[in-house]
Amino acid sequence: MSTVTCPECEAQIELEAGTEVGEIIVCSDCGVDLEVTALDPAAIQLAPMEQEDWGE
Amino acid sequence: MNDFETLIGLVSQYSPSGKERGAVEWLVARMKSLGYDNAFVDEAGNAVGVMGKGSKQAVLLGHIDTVPGEIPVSLTPPSPLAPLPEGEGKLYGRGSVDAKGPLACFVDAVAQVGVKEGWQFVVIGAVEEERDSEGARFVAEQYKPDFAIIGEPNQWDRVALGYKGSAWANITVKRGQAHTASGEQTAAEAAVEAWLKIKAYVDSLNANKQKVFDKLLLTLRGMDSSSDDFQQWASLKVGVRLPVSVSPNDWYEKLNEIISDSRLEGDCHLLVEPTGFAVPAWGCEKNTQLVRAFLSGIRSRGGEPRFVYKTGTADLNIVAPVWKCPALVYGPGDSALDHTPNEHIELEEYAKAATVLSEALKKLTG
């Protein structure tokens, strides 16, 4: 099991077994979406920004 | 052959909705020449290309029709084989962005990936997306994919995860003639009152919503009134862009509820009539291997991936509720250029998107 630090609030987050690269997790302390970018060693960053625009 | 032959060839086949046949036949021939196992025109008139014969299926659904308004196809600089200063290679033409760019990108990426054991790639150039999505309605019942990628322009480094729904209605007020000195409410006044009630309801529902994707977007598309010797009437054309939380049926029920609550004076009668094809909004699950493969692919090309939610509708809204599989919308191009006289796509962006897509497909089927 790996521990990572939330870049937003610095909470310590334990990654569950079976976590995949690219998985979106939620920081249990601040609620921000985080993306797992590596597993060995474990790394996370803020998940992709959500935008809105028109078009169809 | 060059990296842009599919794109340039497809955009050169002008194909407004209802007149797609030439482009469809060109694309079928193109897919055959690129080594697809099968390519054909289906019963709805869609261009379909199949790569591989595995039991697992990935459908890449683009649309081959465009809005009307032919734009002379031109390249800047004139040859894509010439050295391209960064960001300066552009292809102008109707559909270069919406959405032949994404469709050509699908065709090229699958050709690049080739056959993957256990998998079947199905690339579809659907007809009529700019009208009633007849092509997508047909394919929704023909396939049962393990994952689906829908082609719309969202820039090479963005993954679209949601499109709003839409619903349209005519609201008509009728009443018998009355003397103008009687002070009785006219049909036109009752129609205006109905509109104000609908708008007040929508405003209250939107009050605490931060995201446009979560709001109802109401539009009054037209109003008319007239009378004869015995009757007067007024009508409103009301459109709405729906969030995921409100289905078209929910909306029509609410319209009827608001209208029936209206305190109409005299012998006014109000009628709500749905028009056209209503489609529900759709939001894609973002925690899937499909999305992860795209995030990885975008980063591998030096991009910083972003998610986007759209206020329009797409063929995603038609097929996703039926297929119920992981899905997303992807494709190169700036949707701000959709339907404009200046529609063009940057060749560098097209090439990046084709690479991102082929890397994602390899990862998903490897």
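Below, the structure is looked at part by part. (Residues numbered from 1 in each chain as written. Chains lettered and ligands numbered in written order. Predicted model: local features only at pLDDT ≥ 70, side-chain atom pairs only at ≥ 80, totals over all residues. Heavy atoms only, no water.)

Quick word on the pattern of salt bridges
Logical step 1: Under the criterion given, the structure shown has 17 salt bridges over all chains.
Logical step 2: Arginine 175 of chain B is the salt-bridge partner of glutamate 184 of chain B, the closest N and O atoms lying 2.7 Å from each other.
Logical step 3: The buried category is assigned to arginine 175 of chain B, whose relative accessible area is 3%.
Logical step 4: Taken together, the salt bridges that share partners define one network made up of Asp33 and Glu50 of chain A together with Lys211 and Lys286 of chain B. (Salt bridge = Lys/Arg side-chain N within 4 Å of Asp/Glu carboxyl O. Buried < 20%, exposed > 50% of the residue type's maximum accessible area, 1.4 Å probe, protein only.)

Let's talk about the side chain of serine 166 of chain B
Logical step 1: Relative to the helices and strands, serine 166 of chain B is located in strand S9 (residues 165-176).
Logical step 2: Sequence-distant contacts of serine 166 of chain B, that is, excluding residues within four places in its chain, are made with Val240, Arg241, Leu242, Ala278, Val279 and Thr313 of chain B. (Helix = DSSP H or I, 4+ residues; strand = E, 2+ residues; numbered from the N terminus. Contact = heavy atoms within 4.5 Å.)

As for the nonpolar core
Here is a general trend for soluble globular proteins: nonpolar side chains tend to be buried in one another's company.
Residue and element names in this part refer to chain B.
Logical step 1: Counting 89 residues, the largest nonpolar core has Leu61, Ile149, Phe294 and Leu357 as the members making the most contacts within it.
Logical step 2: Considering each element in turn, this core owes the most residues, nine residues, to helix H9 (residues 347-365).
Logical step 3: Discounting residues that sit within four places of it in the chain, isoleucine 149 has contacts with Val59, Leu60, Leu61, Phe106, Leu290, Phe294, Leu328, Tyr330, Leu357 and Leu361. (Core = buried A, V, L, I, M, F, W, Y, C linked by side-chain atoms within 4.5 Å.)

Some remarks on helix H7 (residues 289-300) of chain B
Residue and element names in this part refer to chain B.
Logical step 1: Taking 1.5 Å per residue, 12 residues should reach 16 Å; H7 reaches 16 Å between its end C-alpha atoms and fits that length.
Logical step 2: Listed as buried for H7 are Leu290, Val291, Arg292, Ala293, Phe294, Leu295, Gly297 and Ile298.
Logical step 3: Downstream of H7 by a residue or two, glycine 302 has a phi angle that is positive, lying close to 90°. (Expected span 1.5 Å × (residues − 1).)

Quick word on unusual backbone geometry
Logical step 1: Cis geometry marks the peptide bond from aspartate 40 of chain A to proline 41 of chain A, where omega comes out at 0°.
Logical step 2: Assignment of secondary structure puts proline 41 of chain A in the loop between strand S4 (33-39) and strand S5 (42-46).
Logical step 3: In this chain, aspartate 98 of chain B is followed by alanine 99 of chain B through a cis amide linkage whose omega measures -5°.
Logical step 4: Relative to the elements of secondary structure, alanine 99 of chain B occurs in the loop between strand S5 (90-92) and helix H3 (100-113).

What about the pairing of S4 of chain A?
Residues and elements named next belong to chain A.
Logical step 1: Inspection of the sheet shows strand S3 (residues 24-26) paired to S4 by three bridges, in the antiparallel sense. Within S4, the position partnered with isoleucine 24 by the bridge is glutamate 35.
Logical step 2: Adjacent in sequence and paired antiparallel, S3 and S4 are bridged by six residues, among which glycine 31 carries a positive phi angle near 85°.
Logical step 3: Where S4 and S5 come together, five bridges link them in antiparallel fashion. (Pairing = 2+ DSSP bridges.)

Looking at the interface of chain B and chain A
The figure often quoted for interface size is the accessible area lost as the parts come together.
Logical step 1: Listed per partner, the contact involves 28 residues of chain B and 18 residues of chain A.
Logical step 2: Put simply, chain B and chain A have seven salt bridges between them.
Logical step 3: Linking chain B to chain A there are 19 residue pairs in polar contact (both at pLDDT 80 or more).
Logical step 4: If you list the elements that add at least two residues to the side of chain B that touches chain A, you get strand S8 (158-163), H7 and strand S14 (306-310) of chain B.
Logical step 5: The greatest single-element share of the side of chain B that touches chain A, amounting to five residues, is contributed by S14 of chain B.
Logical step 6: For the side of chain B that touches chain A, the class distribution of residues is nine nonpolar, six polar and 13 charged. (Polar contact = N/O pair within 3.5 Å; in protein donor to acceptor, adjacent residues only side chain to side chain. Nonpolar A, V, L, I, M, F, W, Y, C, P; charged D, E, K, R; others polar.)

Concerning the sheet that holds S9 of chain B
All names here are of chain B.
Logical step 1: If you walk across this open sheet you meet the four strands as S10-S11-S9-S12, and the pairing is antiparallel. Since the sheet does not close on itself, it has two edges, and those belong to strand S10 (217-227) and strand S12 (269-279), each with one partner. Mean inter-strand twist for the sheet, computed between neighbouring axes without regard to direction, equals 15°.
Logical step 2: Here 12 bridges tie S9 to strand S11 (residues 231-242), and the two strands are oriented antiparallel to one another. Considered in S11, the bridge of alanine 167 is made with valine 240. (Axes fitted to C-alpha atoms, helices over the stretch in contact; angles between N-to-C directions.)

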